[in-house]
Amino acid sequence: MSLLCYHTRMSWPLLYAQLFAVNRHSTSLGKVWLSVLFIFRVMVLVVAAESVWGDEQSDFTCNTLQPGCENVCYDQFFPVSHIRLWCLQLVFVSTPTLLVAMHVAYRNHSDKKRLLQGSGRSGFLSNKSQEEELETLKTRRLPIAGALWWTYACSLVFRLLFEGGFMYALYVVYDGFQMPRLVQCDQWPCPNMVDCFISRPTEKTVFTVFMATASSICIVLNMAELAYLVAKAVTRGFRNSSLSRFEPTRGTQKKERGTEVRGGGEARCWLGDDIDFSCDFWSMDLKPIIQHFRKSSFPLFFNDSFIILLPAQNPVQLFEYLQ
Amino acid sequence: MNWATFYAVISGVNKHSTGIGRIWLSVLFIFRILVLVVAAESVWGDEKSGFTCNTQQPGCNSVCYDHFFPISHIRLWALQLILVSTPALLVAMHVAHRRHVDKRVYRLSGRTNPKELEQIKTQKMKITGALWWTYVISLLFRVVFEVIFMYVFYMIYPGYKMIRLVKCDSYPCPNTVDCFVSRPTEKTVFTVFMLAVSGVCILLNIAEVVFLVVKACSKHLHGVGESTMGAWIQHKLCSF
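Residues numbered from 1 in each chain as written. Chains lettered and ligands numbered in written order. Predicted model: local features only at pLDDT ≥ 70, side-chain atom pairs only at ≥ 80, totals over all residues. Heavy atoms only, no water.

### Considering the UniProt feature "domain: Connexin cysteine-rich" (unreviewed entry) in chain A
Argument step 1. The UniProt entry lists residues 162-229 of chain A under the feature "domain: Connexin cysteine-rich" (unreviewed entry), expressed in the numbering used here.
Argument step 2. Spanning residues 162-229 of chain A, this segment combines 60% helix with 12% strand, and its end C-alpha atoms are found 20 Å apart. (UniProt positions renumbered as here; feature names shortened; annotations may be inferred. Helix = DSSP H or I, 4+ residues; strand = E, 2+ residues; numbered from the N terminus.)

The following block contains the structure:
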């Protein structure tokens, strides 16, 4: 067990690097959760708590000279040390985020494949713009919708389960969060009921309570994040039902990749997360129109597409619709 | 995650601090964290093994140690340093949020030059508007945490002095036994040192608050007559 913790301790920065990479696709609450996790739990564990429990076995003294009695009594009262439980908890709690990372990587991979196939077919785009496209693919932030929403929500549920499970395990194994000063033990080979004294019980209680509090804060953050995601999805689904009011009057034309539309025509954009728009033509003329759309009574929703009538001679390039 | 990684995380905030803020950060890292890791931890390293009571009763040592040292100085300082550094992350989060909004507005206004977008990422934020408030609140939190920890130290270890000898009669000690603390003078020296540096940090934080308030007031007084286009645009951008 100590070896496991030694190795996990060696790779805390590695884990931090991995999770930080996924951070870009998290919500703000997710980013706050990551900071709380690393600063108030991992850091406190490595810097402070490990030295408090450092001498837990060597300073566990029993009031007897009988060889083996101390070992046996220590083993009876401390089946798994707090430090190891916390190491495991932190490792398990961080892992669901890697699910999200895998999903994002899979999406990027399939988008990249589609990009390369599409350009091969039409032959319209030059190599330079293709490279730019690939770059944006790597650095873009995926909106949390569709399958990614489910992955993210599942990862949150798993995090909550692991946190709750480990806290419960700690509570059950140690009968609460307080460390007693004295335990009484009569396991063989102890000759009779002997008093055994635990080292630094008050300091250990302080740190146990601190880590339990930090864990509860993380649980609250995760629940809030889950509630936020559910609320966002519900409102999105609720508004989608009123999309029919939003059908454009002109006939819609689905444009293929790389087609030019000369001025006065129409172009299709789609609305990304919040106020982010994802059509790749922009002009100063377009901004007032979009402002008007945003302020209008028609709400614009994530991944909805709509028609923009171009006011002037603006050649534009249209790109594939994102799902 | 150790002090080195923590240093990397916290010093990222350095770019958006005032001059006094940077001095504070240097004092924090050099005179507190470095001294803690390099010197203080070895002074307190044998605090338990070197704590000896004048008895052979098993368990008396542990119990008396626990009675007089509920929480060790080193752990308290580690917690203090972590808590005192964290408000700076509030500022970092606010700056990241502002950058995000700026980038979106930039993209919306029709400019998609990746170089300019990169520039937004690296340019220094001015401490104005809502960021000013976040910064000042983070400074006040720092001061409050410092003071709270100094008070806790005073409560647990009255007078900040480490005594050479303590008398203890908790069970299972058979009677009132003399217990001897290891390296009391060295511990007192380091406690006083850390206390002094903590005081210096409090003064730096208060000076920074005063500086920011004075700067804001003077800007308000001087800039009342001017309403430049730049300021209007800034205001519009901030309203996103």
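### Description of the confidence of the model for chain B
Residues and elements named next belong to chain B.
Argument step 1. Confidence along chain B averages 85 in pLDDT terms, with 88% of residues attaining 70 or more.
Argument step 2. Across chain B, the element-wise mean pLDDT spans from 53 in helix H9 (residues 229-238) up to 94 in strand E3 (residues 177-180).
Argument step 3. Predicted complex metrics record ipTM = 0.82 and pTM = 0.77. (pLDDT = per-residue confidence, 0-100.)

### Examining the interface of chain B and chain A
Argument step 1. Contacts between chain B and chain A engage 37 residues on the former and 43 residues on the latter.
Argument step 2. Surface buried jointly by chain B and chain A totals about 3,500 Å² across both partners, of which 67% is contributed by carbon and sulfur atoms.
Argument step 3. Applying the counting criterion to the chain B and chain A interface returns four salt bridges.
Argument step 4. The shortest N-O distance in the salt bridge between Asp59(A) and Lys48(B) comes to 3.0 Å.
Argument step 5. Applying the counting rule to chain B against chain A returns ten residue pairs in polar contact (both at pLDDT 80 or more).
Argument step 6. Elements with a minimum of two residues in the side of chain B that touches chain A: helix H1 (3-11), helix H3 (60-68), helix H4 (73-85) and helix H5 (87-108) of chain B.
Argument step 7. By residue number, the principal contributor to the side of chain B that touches chain A is H5(B), which donates six residues.
Argument step 8. In terms of residue class, the side of chain B that touches chain A is built from 19 nonpolar, twelve polar and six charged. (Contact = heavy atoms within 4.5 Å. Buried area = accessible area lost by both parts, 1.4 Å probe. Salt bridge = Lys/Arg side-chain N within 4 Å of Asp/Glu carboxyl O. Polar contact = N/O pair within 3.5 Å; in protein donor to acceptor, adjacent residues only side chain to side chain. Nonpolar A, V, L, I, M, F, W, Y, C, P; charged D, E, K, R; others polar.)

### Regarding the packing of helix H2 (residues 19-43) of chain B against helix H8 (residues 184-222) of chain B
Residue and element names in this part refer to chain B.
Argument step 1. At a minimum axis distance of 10 Å, the contact between H2 and H8 shows a crossing angle of 165°. Relative to H8, the element H2 lies roughly antiparallel. Relative to H8, the crossing made by H2 is left-handed.
Argument step 2. For the contact of H2 with H8, the class distribution of residues is 18 nonpolar, three polar and four charged. (Axes fitted to C-alpha atoms, helices over the stretch in contact; angles between N-to-C directions. Parallel < 35°, antiparallel > 145°, perpendicular 65-115°, else oblique. Left-handed = near helix turned anticlockwise from the far one by under 90°.)

### Digging into the packing of aromatic side chains
Argument step 1. Scanning the entire structure with this criterion turns up 21 aromatic pairs over all chains.
Argument step 2. A centroid spacing of 4.5 Å and a plane angle of 85° characterise the contact between Tyr7(B) and Phe29(B), whose relative ring orientation is edge-to-face. Highlighted residues: Tyr7(B) in helix H1 and Phe29(B) in helix H2, separated in sequence by 22 residues.
Argument step 3. For Phe29(B), a relative accessible area of 9% puts it in the buried group.
Argument step 4. What links up through ring pairs into an aromatic cluster is the set Phe60(A), Tyr74(A), Phe78(A) and Tyr174(A).
Argument step 5. Above the ring of Trp33(A), the side-chain terminus of Arg159(A) is found at 3.8 Å from the ring centroid. (Phe/Tyr/Trp six-rings, centres within 6.5 Å; stacked < 30°, edge-to-face > 60°. Buried < 20%, exposed > 50% of the residue type's maximum accessible area, 1.4 Å probe, protein only. Lys NZ or Arg CZ within 6 Å of the ring centre and 35° of its normal.)

### Notes on a nonpolar patch on the surface
Residues and elements named next belong to chain B.
Argument step 1. Taken together, the side chains of Ile30, Phe31, Leu34, Val37, Val38 and Phe193 present a nonpolar region at the surface, about 520 Å² in accessible area.
Argument step 2. Looking at the nonpolar patch, the element that brings in the most residues is H2, giving five residues.
Argument step 3. Along the chain, Phe193 falls in helix H8. (Patch = residues over 30% accessible without salt bridge, like charges linked within 9 Å, V, L, I, M, F, W, Y side chains within 5 Å. Areas by Shrake-Rupley, 256 points an atom, 1.4 Å probe, with all protein chains shown as cover.)

### Things to note about the state of the cysteines
Residue and element names in this part refer to chain A.
Argument step 1. All told, the structure shown has six disulfides over all chains when counted by the stated rule.
Argument step 2. Between the sulfur of Cys73 and that of Cys185 lies a disulfide, 1.9 Å long from S to S. The sign of the S-S torsion, about -80°, decides the handedness of the disulfide formed by Cys73 and Cys185: left-handed. Note that Cys73 is positioned in helix H4 (residues 69-77) and Cys185 in strand E2 (residues 182-185), a separation of 112 residues in sequence.
Argument step 3. Look at chain B and number its bonded cysteines as they come in the sequence; the links are 1-6, 2-5, 3-4.
Argument step 4. The thiol of Cys154 is not disulfide-bonded; the next cysteine sulfur, from Cys218, is found 20 Å away.
Argument step 5. In this structure Cys154 comes out as partly exposed when scored by relative accessible area, which is 38%. (Disulfide = S-S within 2.5 Å.)

### Some thoughts on the environment of Ile39(A)
Residues and elements named next belong to chain A.
Argument step 1. With respect to the secondary-structure elements, Ile39 resides in helix H3 (residues 28-52).
Argument step 2. The class of Ile39 is buried, set by a relative accessible area of 4%.
Argument step 3. For the pair formed by Ile39 and Thr95, sequence separation is 56 residues and the distance between their alpha carbons is 17 Å.

### Quick word on the pattern of salt bridges
It is possible for side chains of opposite charge to pair when their charged atoms get near one another.
Residue and element names in this part refer to chain B.
Argument step 1. All chains considered together, the criterion is met by 14 salt bridges over all chains.
Argument step 2. A salt bridge links Asp46 to Arg183, with the nearest nitrogen and oxygen atoms 3.2 Å apart. Taken together, the residues Asp46 in the loop between H2 and strand E1 (52-53) and Arg183 in the loop between E3 and H8 connect sequence positions 137 residues apart.
Argument step 3. According to the relative accessible area criterion, Asp46 is partly exposed, its value standing at 22%.
Argument step 4. Classification of Arg183 as partly exposed rests on a relative accessible area of 38%.

### Comments concerning the UniProt feature "domain: Connexin N-terminal" (unreviewed entry) in chain B
Argument step 1. Mapped onto this numbering, the UniProt entry annotates "domain: Connexin N-terminal" (unreviewed entry) at residues 42-75 of chain B.
Argument step 2. Along residues 42-75 of chain B the backbone is 41% helical and 6% strand, and the end-to-end C-alpha distance reaches 13 Å.

### Considerations on empty space enclosed by the protein
Residue and element names in this part refer to chain B.
Argument step 1. Across all of its chains, the model carries eight cavities of 30 Å³ or more by this definition.
Argument step 2. Within this model, the largest cavity holds a volume of roughly 100 Å³.
Argument step 3. Taken together, Arg32, Trp77, Gln80, Leu81, Phe149, Met150, Phe153, Tyr160, Thr191, Met194, Leu195 and Ser198 form the lining of the largest cavity.
Argument step 4. Contributions of two or more residues to the lining of the largest cavity are made by H4, helix H7 (130-156) and H8.
Argument step 5. Tallied by class, the residues present in the lining of the largest cavity amount to eight nonpolar, three polar and one charged.
Argument step 6. Estimated volume of the second largest cavity: approximately 80 Å³. (1 Å grid on protein atoms, 1.4 Å probe; cavity = no way out; pocket = protein on both sides within 12 Å on 5 of 7 lines; lining within 4 Å. Points joined across faces, edges and corners; volume = space filled by probe spheres on them.)

### Overview of the sheet that holds E2(A)
All names here are of chain A.
Argument step 1. Pairing within the open sheet is antiparallel, and its three strands lie in the order E1-E3-E2. Every other strand in the sheet has two partners, leaving strand E1 (61-62) and E2 as the edge strands with one partner each.
Argument step 2. Direction of pairing for E1 relative to strand E3 (residues 194-197): antiparallel, over a ladder of two bridges. Paired with Thr61 across the strands is Phe197, a residue of E3. (Pairing = 2+ DSSP bridges.)

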